[in-house]
Amino acid sequence: QVQLVESGGGLVQPGGSLRLSCAASGSAFSIYTMNWYRQPPGKQRELVAAITSGGSTNTADSVEGRFTISRDNAKNTVYLQMNSLKPEDTAVYYCNANRLFPASGGVANYWGQGTQVTVSS
């Protein structure tokens, strides 16, 4: 079982920066793929960035070059550094942890409660 708690959201002006954190409790954090999703008002949830247990990263085209995902396994924490924020980045941002159990083919999937990011002047 993994519990995820996001923090760092808030109100920021266009062009500004925020750093989101997601603290995980429970076992085996380092083997999980960690993801940041977001859900803009009235829209579906979308994947923003992902980082594997080996440290490989991937970011959505819409945030490429502006957002960076990283993890600190010693602190059981994943981060999302968001720079050059735009009004269209306004959304609830969710942390997600998932892993595959190769022997059974099962998947473990956990979500945080979300943190609001509002980009507005």
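Described in the following lines is the structure provided in the data block. (Residues numbered from 1 in each chain as written. Predicted model: local features only at pLDDT ≥ 70, side-chain atom pairs only at ≥ 80, totals over all residues. Heavy atoms only, no water.)

1. Let's talk about the overall build of the protein
Part 1 of the argument: Secondary structure assignment for the protein yields zero helices and eleven strands.
Part 2 of the argument: Ordering the α and β elements of the protein from the N terminus gives β-β-β-β-β-β-β-β-β-β-β.
Part 3 of the argument: In terms of C-alpha radius of gyration, the protein reaches 14 Å, essentially the compact-globule figure of 14 Å for 121 residues.
Part 4 of the argument: The principal-axis extents of the C-alpha atoms in the protein amount to approximately 50 × 30 × 25 Å.
Part 5 of the argument: The 121 residues of the protein split such that 40% are buried.
Part 6 of the argument: Considering only intrachain contacts with a sequence separation of at least 6, the fraction spanning at least 24 residues in the protein is 55%. (Helix = DSSP H or I, 4+ residues; strand = E, 2+ residues; numbered from the N terminus. Rg over C-alpha atoms; globule rule 2.2 N^0.38 Å. Buried < 20%, exposed > 50% of the residue type's maximum accessible area, 1.4 Å probe, protein only. Contact = heavy atoms within 4.5 Å.)

2. What to know about the state of the cysteines
Part 1 of the argument: According to the stated counting rule, one finds one disulfide in the structure shown.
Part 2 of the argument: With a sulfur-sulfur separation of 2.1 Å, C22 is cross-linked through a disulfide to C95. Taking the sign of the S-S torsion, about -80° here, the bridge from C22 to C95 comes out left-handed. Of the two residues, C22 sits in strand β3 (residues 18-26) while C95 sits in strand β9 (residues 91-101), which places them 73 residues apart along the sequence. Here the two residues C22 and C95 agree in accessibility, since each one is buried. (Disulfide = S-S within 2.5 Å.)

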